[in-house]
Amino acid sequence: MKIEFLVGIVIGLILLTLPAFASDSLNSSDSINASDTLSSSVSTNVHDSANVSDSVKVSNSASVPNSANVSDSANLSDSEAASNVTLSVLGNANGDETIDVKDVEYTESIILGSKNQTQLADATCDNNINILDVTKTELINLGKAKELTLVDGVGRQVNVSLPVKRIVPTDYRTTETLLALGTGDMIVGVDKAFHERMAEFGLLDLPEVGVHGKSVNYEMVLTLKPDIVLLPLSQAENANQIADNLPNTSIVVMGLSSKKTIYSDLTTMGFVLGKEKEANELLNWMQGYENLVKERTKDLKTNGMPTFYYEYMSEGEDKWQVITPNDPSAGQVAERTGGSNIATGLAGNSVEVDPEWVIEKNPDFMFADLMKGFDSGPGKTEEDMKVLLMKVLSNRPGFEKVNAVKNHRVYLIDRDIIGGPRWVIGHIYFAKCMHPELFKDINPKEINKEYLKKFHNIEVPGTWAYPE
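Here's a quick rundown of the structure. (Residues numbered from 1 in each chain as written. Predicted model: local features only at pLDDT ≥ 70, side-chain atom pairs only at ≥ 80, totals over all residues. Heavy atoms only, no water.)

## Some points on the packing of aromatic side chains
- Using the criterion set out here, one finds 13 aromatic pairs in the structure.
- Between Tyr451 and Phe455, the aromatic rings sit 5.7 Å apart at their centres with planes inclined by 40°, giving tilted as the arrangement. Here Phe455 and Tyr451 lie together in helix 17 (residues 444–456), a separation of four residues that amounts to about one turn.
- Taking relative accessible area as the criterion, Phe455 reaches 9% and is therefore assigned buried.
- Among the aromatic residues, those joined into a cluster by ring pairs are Phe308, Tyr310, Phe365, Phe367, Tyr411, Tyr429 and Phe430.
- Just above the ring of Phe399 sits the side chain of Arg396; from NZ or CZ to the centre is 5.3 Å. (Phe/Tyr/Trp six-rings, centres within 6.5 Å; stacked < 30°, edge-to-face > 60°. Helix = DSSP H or I, 4+ residues; strand = E, 2+ residues; numbered from the N terminus. Buried < 20%, exposed > 50% of the residue type's maximum accessible area, 1.4 Å probe, protein only. Lys NZ or Arg CZ within 6 Å of the ring centre and 35° of its normal.)

Laid out in structure tokens, this is it:
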């Protein structure tokens, strides 16, 4: 390291200890700061341009039921889904999955002119890359920073004071993901849907602060004094309004329930919450099973794949809505499982279609989405699901002509094993239903049990998919 950088770091450390200076440049507030220099690249979802490091390995503890062979040497970069993993925190100058000495060196190189400026190099969030960014990155790397700035799931820059001690997730699937990181003692409020749909995870004595992220009880949240309020991606448009009503609270939008965004956003939240080890363990568990499906279906020919119809909210009164591959959660989970979605090419995430269209497409398989979370899952038996399947297939004139129905290849699948960390369970279920010969030794129900025990230390009887 050049002598001028050593001197600069010392000066920077002195400046960072001056309260007045820190107040103006590093601890500006918990409000959102929009960087003009970075806005053009950060305003879009950072997951689309992030780089992934090859250093994150699948841990040896990621066990697979029934002797399924998942290589312990597989890494996150082996997956196309994980190829965009990044730690979205200012200071992560080289855009990988952590902040370390390499980011310090990278920032120094930017200042010297030997490397180009990156969207996350401005550690101090002051629109200028200089020695203070080197110093701030050093402090983050050493665990000495009093605050950091993260880029949330929709590109907003949000200051977060460290350490984070109190969290309010406003979406029940986000809460499940946080609990899998061991943050139960940090969560101080939940949404109503969590108590209604995920009582098996506990936290029954916590106050309800909203309903599925769609409404927030500001008075209750202010009473709880959280450091962070987490919003799902579906409520991103309300983030600024919520931030205005909750001063001195960091309002963060994160996609912790969607297959498309969970890798990067889980990496970021694990870092911010001081749960990096736990986040890596969960990421590696997901990656192990994703790689299993990839490995076993890699030799399938596209033109010979079976077709499937994936219906949205099948247990509701309004049927005939098809889930497309564009859907960032369910639609993406069904992709790369050895089948061809008949809705490929349709615009939108879920599209209302005519029954005649489905009958004409004549899919080989049908997957019925159970979105509401009351008719399946915890406490439900296979007999309950059998009755539900009959209900789902009722009042569908002409549907008996479809191959999926004629050949008894209609399946029910609960969103609990489609969203959040359990998306890989649904992923495997799709693959096994369409290619049982490739997954004879894999039981999705057992993988669900493994997840609940490994990451939540609970055992919950129930049925999340039928038939298995």
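More follows now that the structure is in view.
## Here we look at the packing of helix 6 (residues 172–180) against helix 17
- It is at 8 Å that the axes of helix 6 and helix 17 come closest, and there the two elements cross at 60°. Between helix 6, through Glu176, Leu179 and Ala180, and helix 17, the contact on the second element is made entirely by Tyr451, Phe455 and His456.
- Residues belonging to the contact of helix 6 with helix 17 are distributed by class as follows: four nonpolar, one polar and one charged. (Axes fitted to C-alpha atoms, helices over the stretch in contact; angles between N-to-C directions. Contact = heavy atoms within 4.5 Å. Nonpolar A, V, L, I, M, F, W, Y, C, P; charged D, E, K, R; others polar.)

## Quick word on the sheet that holds strand 7 (residues 250–253)
- Ordered in space as 3-6-7, the three strands form an open sheet in which the pairing is parallel. This sheet does not close on itself; its edge strands, each paired only once, are strand 3 (167–169) and strand 7. For this sheet the average axis-to-axis angle between neighbouring strands, irrespective of direction, equals 20°.
- Direction of pairing for strand 6 (residues 228–231) relative to strand 7: parallel, over a ladder of four bridges. By the bridge assignment for strand 7, Leu230 is matched with Val252.
- Here helix 6 sits on the sheet and contacts strand 3 and strand 6; the angle it forms with strand 3, its principal contact strand, is near 135°. (Pairing = 2+ DSSP bridges.)

On their own, these measurements won't tell you what the molecule is for.
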